[in-house]
Amino acid sequence: MAAAAEPRARAWLGGGSPRSGSPSCSPELGGRGRARAGAGPGPGAGGSHPQSGHSFRKATLTKPTFCHLCSDFIWGLAGFLCDVCNFMSHEKCLKHVKTPCASVAPSLVRVPVAHCFGPRGLYKRKFCAVCRKALEAPALRCEVCELHVHPECVPFACSDCRQCHHDGHRDHDAQHHHWREGNLPSGARCEVCRKTCGSSDVLAGVRCEWCGVQAHSVCSAALAPECTFGRLHTLVLPPACVRLLSRNFSKMHCFRISEGVVPEPGDEDDGVDGSTPAGLGREAPESSKLTLKIFDGNDALQRNHFRVISVPRLARNEEVLEAALRAYYVLEDPRDFELQPVPAPVPAGDSGARGRPRGSGAAEEEGGRGPEAWIVRAVPHAQELLRIYPAWLKVGVAYVSIRVTPQSTARTVVLEVLPLLGRQAEGPEGFQLVEVLMGSRQVQRTVLQDAEPLLARLRDIRQTSLRQMSQTRFYVAENRVVAPHVSLFVGGLPLGLSTQEYASLLDEAVAAKAGLVSVSRVYSSQGAVVLDVACFAEAERLYMLVRDTAVHGRPLMALVLPDVLHSKLPPDCCPLLVFVNPKSGGLKGRDLLCSFRKLLNPHQVFELTNGGPLPGFHVFSQVPRFRVLVCGGDGTVGWVLAALEEVRPRLACPEPSVAILPLGTGNDLGRVLRWGAGYSGEDPLSVLVSVDEADAVLMDRWTILLDAHEAGGGETGVADVEPPKIVQMSNYCGIGIDAELSLDFHQAREEEPGKFTSRFHNKGVYVRVGLQKISHARGLHKEIRLQVEQQEVELPSIEGLIFINIPSWGSGADLWGSDSDSRFEKPRMDDGLLEVVGVTGVMHMGQVQGGLRSGIRIAQGSYFRVTLLKATPVQVDGEPWVQAPGHMIISAAGPKVHMLRKTKQKPRKAGAPKDARADGVPAPEGDPK
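Residues numbered from 1 in each chain as written. Predicted model: local features only at pLDDT ≥ 70, side-chain atom pairs only at ≥ 80, totals over all residues. Heavy atoms only, no water.

Caption draft 1: Layout of the overall build of the protein chain. In terms of helices and strands, the protein chain carries 17 helices and 45 strands. In the protein chain, which comprises 929 residues, the share counted as buried stands at 56%. Within the protein chain, contacts between residues separated by at least 24 positions form 71% of all contacts whose residues are at least 6 apart in sequence. About 39000 Å² of surface is accessible on the protein chain, with carbon and sulfur atoms providing 50% of the total. (Helix = DSSP H or I, 4+ residues; strand = E, 2+ residues; numbered from the N terminus. Buried < 20%, exposed > 50% of the residue type's maximum accessible area, 1.4 Å probe, protein only. Contact = heavy atoms within 4.5 Å. Areas by Shrake-Rupley, 256 points an atom, 1.4 Å probe, with all protein chains shown as cover.)

Caption draft 2: Layout of the packing of aromatic side chains. With the rule as written, the count across this model stands at 15 aromatic pairs. A ring pair is formed by Phe620 and Phe626, whose centres lie 5.4 Å apart and whose planes are at 65°; its orientation type is edge-to-face. For the pair formed by Phe620 and Phe626, the shared burial category is buried. Joined through ring pairs, the aromatic side chains of Phe66, Phe73 and Trp75 make up one cluster. A cation sits over an aromatic face here: Arg473 above Tyr389, 4.2 Å from the ring centre. (Phe/Tyr/Trp six-rings, centres within 6.5 Å; stacked < 30°, edge-to-face > 60°. Lys NZ or Arg CZ within 6 Å of the ring centre and 35° of its normal.)

Caption draft 3: Summary view of the nonpolar core. In terms of nonpolar packing, the biggest core is built from 149 residues, with Phe596, Leu629 and Met899 touching the most fellow members. Every residue in contact with Phe596, bar those within four places of it in the chain, is listed here: Val578, Val580, Val605, Leu629, Cys631, Leu661, Pro684, Val687 and Leu688. One finds Cys733, Leu780, Val793 and Val874 within the second-largest nonpolar core, a separate group that totals 28 residues. (Core = buried A, V, L, I, M, F, W, Y, C linked by side-chain atoms within 4.5 Å.)

Caption draft 4: View of the pairing of strand 12 (residues 289–295). A large share of strand 12 lies buried, amounting to six of its seven residues. Sheet topology note: the strand 12/strand 13 (residues 307–312) ladder contains six bridges and is antiparallel. Looking at the pairing, Lys289 lines up with Pro312 of strand 13. Across three bridges, strand 12 lies against strand 15 (residues 373–378) in parallel orientation. (Pairing = 2+ DSSP bridges.)

Caption draft 5: A look at the sheet that holds strand 14 (residues 337–342). What the four strands build is an open sheet, ordered 13-12-15-14; its pairing is mixed. Two strands in the sheet have a free side with no partner beyond their single neighbour: strand 13 and strand 14. Neighbour to neighbour, the strand axes of the sheet diverge by 40° on average, direction disregarded. (Axes fitted to C-alpha atoms, helices over the stretch in contact; angles between N-to-C directions.)

Caption draft 6: Representation of the confidence of the model for the protein chain. Summarising the model, the protein chain shows a mean pLDDT of 81, and 80% of its residues fall at 70 or more. For the protein chain, strand 1 (residues 3–4) is the element with the lowest average pLDDT, namely 42, and strand 28 (residues 576–580) is the one with the highest, namely 96. Note on residues 346–370: pLDDT is under 50 here. Beyond four places in sequence and across chains, it has 40 contacts. Contacts of residues 711–719 to residues separated by more than four positions or lying in other chains number eight contacts, the stretch itself having pLDDT below 50. (pLDDT = per-residue confidence, 0-100.)

Caption draft 7: Examining the sheet that holds strand 38 (residues 800–804) more closely. Pairing is antiparallel in the open sheet, where six strands are placed in the order 40-39-38-35-42-43. Whereas interior strands pair on both sides, the edge strands pair on one side only; in this sheet they are strand 40 (856–861) and strand 43 (879–883). Across the sheet, the mean angle from the axis of one strand to that of its neighbour is 20°, orientation sign disregarded. Relative to strand 43, strand 42 (residues 872–876) runs antiparallel, the two sharing five bridges. Among the inter-strand pairings, Thr872 is bridged to a residue of strand 43, identified as Gln883.

Caption draft 8: Looking closely at the pattern of salt bridges. As enumerated under the stated definition, the model contains 28 salt bridges in all. Between Asp160 and Arg180 there is a salt bridge whose closest N-O contact spans 3.0 Å. One end of the pair, Asp160, is in the loop between strand 7 (148–149) and strand 8 (179–181); the other, Arg180, is in strand 8, and 20 residues separate them in sequence. Judged by its relative accessible area of 3%, Arg180 falls in the buried class. Within the structure, one salt-bridge network assembled from shared partners comprises Arg231, Arg627, Asp692 and Glu693. (Salt bridge = Lys/Arg side-chain N within 4 Å of Asp/Glu carboxyl O.)

Caption draft 9: Inspection of the pairing of strand 41 (residues 863–868) at higher detail. Of the pairings in the sheet, the one linking strand 36 (residues 784–788) to strand 41 comprises five bridges and is antiparallel in character. For Ile784, the partnering residue across the bridge sits in strand 41 and is Leu868. As judged from the six bridges shared by strand 41 and strand 44 (residues 886–892), these two strands associate in the antiparallel manner. By the bridge assignment, Thr867 is partnered in strand 44 with His887.

Caption draft 10: How the structure looks around the side chain of Asp668. Inspection of the secondary structure puts Asp668 in helix 13 (residues 668–672). Once residues lying within four places of it in the same chain are set aside, the contact partners of Asp668 are Asp634, Tyr732, Ile806, Ser808, Trp809, Gly810, Ser811 and Gly812.

Caption draft 11: Focus on helix 4 (residues 317–327). When helix 4 is considered as a whole, its buried residues turn out to be Asn317, Val320, Leu321, Ala323, Ala324, Leu325 and Ala327. On the buried face of helix 4, the contacting elements are strand 12, strand 13, strand 14, strand 15 and helix 7 (466–470). Remark: Tyr329 follows helix 4 within two positions and exhibits a positive phi of approximately 55°.

Caption draft 12: Focus on unusual backbone geometry. One non-glycine residue, Asn304, lies in the positive phi region at around 60°. For Asn304, the position within the fold is in the loop between helix 3 (298–303) and strand 13. Asn304 sits in the partly exposed class, given a relative accessible area of 29%. Positive phi, normally seen in glycine, also occurs at Glu789, with a value near 50°. Residue position: Glu789 is located in the loop between strand 36 and strand 37 (791–793).

Caption draft 13: Seen up close, the state of the cysteines. Under the criterion given, the structure shown has zero disulfides. Counting only cysteine sulfurs, Cys70 is the nearest neighbor of Cys67, a cysteine outside any disulfide, at a range of 3.8 Å. In this structure Cys67 comes out as buried when scored by relative accessible area, which is 0%. (Disulfide = S-S within 2.5 Å.)

Quick look at the structure:
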């Protein structure tokens with residue numbers, strides 16, 4: 001068997017840096033595109049483009065057209081168009097084209113990483129990375145990188161997503177740029193020539209998805225290959241510092257992305273190419289054209305997924321075959337394939353046509369009609385040329401090519417390849433042949449048995465799908481055993497159990513195998529445990545089973561958590577732990593969640609509706625320095641701070657500073673810390689820069705002990721007895737009328753949550769419920785007793801009693817007032833004191849919020865005891881409930897918390913234009929925009 005190391009295949013292994021100018025592929029690329037057989041004389045005259053794999057032809061322009069390389073307008077009536085991926089170029093630009101064609105791009109990916117496609121959405125002024133056409137209908141976007149594709153183009157997309165963690169298959173070297181082509185803002189500037197490199201007309205320009213640097217595809221070759229993460233380098237969690245053995249788990253599971261109902265391509269439209277308006281198997285509106293269904297293998301036949309091509313009625317076999325291969329982005333020699341008809345399920349006499357090769361004559365015999373569908377089959381050969389990649393072996397070539405015969409097995413291939421890679425001194429027992437299917441949604445690795453016949457396996461793959469063959473790669477890898485280790489976070493368990501009790505409960509609920517599963521961490525106060533699983537199959541079984549299990553009527557939840565290698569963190573790195581409440585801020589949280597995943601490492605971004613803040617703090621528990629960003633309302637901030645207080649003893653960084661992106665209705669804490677009255681669509685990149693530049697300040701936290709008891713002074717003479725509970729407070733605690741308004745608002749939102757999607761509407765509901773209570777009077781001062789520092793305080797005639805920790809209440813109102821008073825100290829949020837203020841009713845509250853009055857100053861202190869004689873509405877940081885008669889004890893809650901206050905001066909220039917990295921938030925389907 002002949003074998004040779006192909007030339008021009010050293011770019012990404014020998015040099016250690018990616019080939020620039022290949023933006024649609026992985027950041028680490030190599031090799032050159034394969035030229036087609038029978039190619040034209042050169043790029044200047046059309047035909048094959050050997051540097052990038054394009055198949056250019058001279059095309060007549062019938063509408064305004066722009067070059068995909070320089071993004072300039074193409075003057076005249078002719079341009080050069082790639083028949084496969086629709087790349088359009090000036091004639092003068094052809095020699096500079098290095099962006100690979102979609103037909104060869106999968107072969108240039110160095111590290112295959114699957115994408116995480118979210119639900120379909122409308123993306124204005126965006127282009128598909130596969131066919132390069134505008135996304136005019138609902139399309140898909142990766143939740144981790146900026147890849148945009150049509151639903152029907154998903155099977156042909158490269159598995160070139162960002163590599164965000166170490167998965168045990170390689171040792172990380174220097175971090176390189178991860179280039180993504182196109183979809184830049186129109187005002188983007190090239191980092192090299194400082195000219196405009198973005199375009200809203202075509203897919204042009206490149207951008208690194210880690211550091212955000214932008215450039216022309218030609219200019220990117222002048223940039224150093226190493227990526228330093230740009231302006232956010234201190235906030236980003238480096239991929240080399242994250243380990244996750246993700247075998248058996250999809251990327252959606254690894255990044256904890258909620259899996260919506262995303263129809264697979266073809267489930268709705270049977271894979272029809274929507275750009276073809278004509279009927280199938282019939283003559284198109286132009287009498288000289290015919291449209292045909294094309295299948296690429298048995299899998300497509302079973303799923304009824306096909307592509308549609310349009311060919312001249314008198315086209316010969318070779319022309320139809322080339323068009324069929326182009327439809328599946330296959331640019332191999334057409335002589336290696338044949339077309340076989342797929343008979344329609346009609347008269348039985350026609351069944352013999354199935355499997356018969358298409359003749360070499362015209363596509364349409366005189367006066368006859370061909371079948372409606374065809375299937376492309378590979379012509380079997382006695383031997384085939386196969387590329388073998390060296391995995392992560394330190395060798396000087398990207399791959400070697402060998403000839404595979406019927407006698408070739410996985411073992412003989414390894415024996416033949418090792419000398420070509422310079423590893424002949426090592427025995428073949430230390431190596432194995434690995435088959436990798438590089439799908440856009442999932443990358444599957446299969447270790448081949450030594451006796452596996454290679455030629456038969458290649459034929460089986462081609463019979464299944466020609467596209468699958470183009471996305472399949474074979475590696476020679478070291479035969480080293482990777483010890484399985486998966487961390488599973490399980491929540492929703494009963495509170496307050498011991499480690500042994502949790503282990504017994506899980507064994508009973510999901511039959512966890514004792515020898516493979518152990519409880520590594522217990523959070524009994526929150527009913528959660530972290531499991532260490534030493535078997536990939538067992539981890540997958542537990543993950544799926546836990547999510548379908550309920551304990552004591554409460555459903556369990558499971559998350560796959562990564563390990564942060566804190567010892568590998570750079571000295572200047574202080575990564576940002578991001579918590580986002582997607583339900584806050586008129587549903588803006590969902591868009592911010594996607595933006596922060598792309599600006600940072602998705603492993604440091606957590607969705608609070610999927611397990612709460614505890615999984616995030618567990619992942620960062622060994623990080624020596626980190627900061628926290630909470631995206632939500634005041635209630636969300638209090639939730640995160642309460643969780644931080646509980647896990648503080650287990651953190652290597654016990655006092656992380658907390659910043660706020662206000663998404664709620666009141667956002668009083670966000671106002672005090674200068675983060676604004678609410679998020680109004682600012683560039684997420686500028687938000688992160690502001691967090692990096694923010695100043696650390698201290699804030700008091702308070703503990704409220706609620707101890708209800710039986711009371712005979714109520715209207716019925718009997719009250720329900722509740723167990724004592726503890727609530728944490730950061731902003732304020734209200735008793736009486738303000739808590740009653742909050743409770744009415746909360747109940748209205750629970751009944752119709754879909755209506756509460758804007759801050760303006762929420763405030764309108766507050767006004768409405770306030771007007772309904774304007775004449776309400778219950779005489780709160782007669783129903784409660786107040787002690788301050790163990791001294792009884794006489795209350796004036798009030799309807800509401802409010803304890804305030806920060807100088808903002810009720811959406812920015814100053815309830816204490818600015819007048820000096822010799823009886824009290826000037827309030828501060830870190831002075832260890834609470835201010836007690838009374839309001840006389842709804843009218844008084846409205847005057848306070850309008851700045852016309854202030855509240856009634858009652859007391860100031862650090863220890864309070866409130867006795868409730870009746871069931872009374874109470875709210876803490878915007879979370880209301882009805883508290884039974886009993887006692888409320890308010891006292892300081894241990895150490896002060898470190899908060900981040902936004903600096904007054906404008907943030908430094910981020911180094912990239914607005915929306916340069918957080919661009920393209922989708923509009924929901926049906927949006928009229």
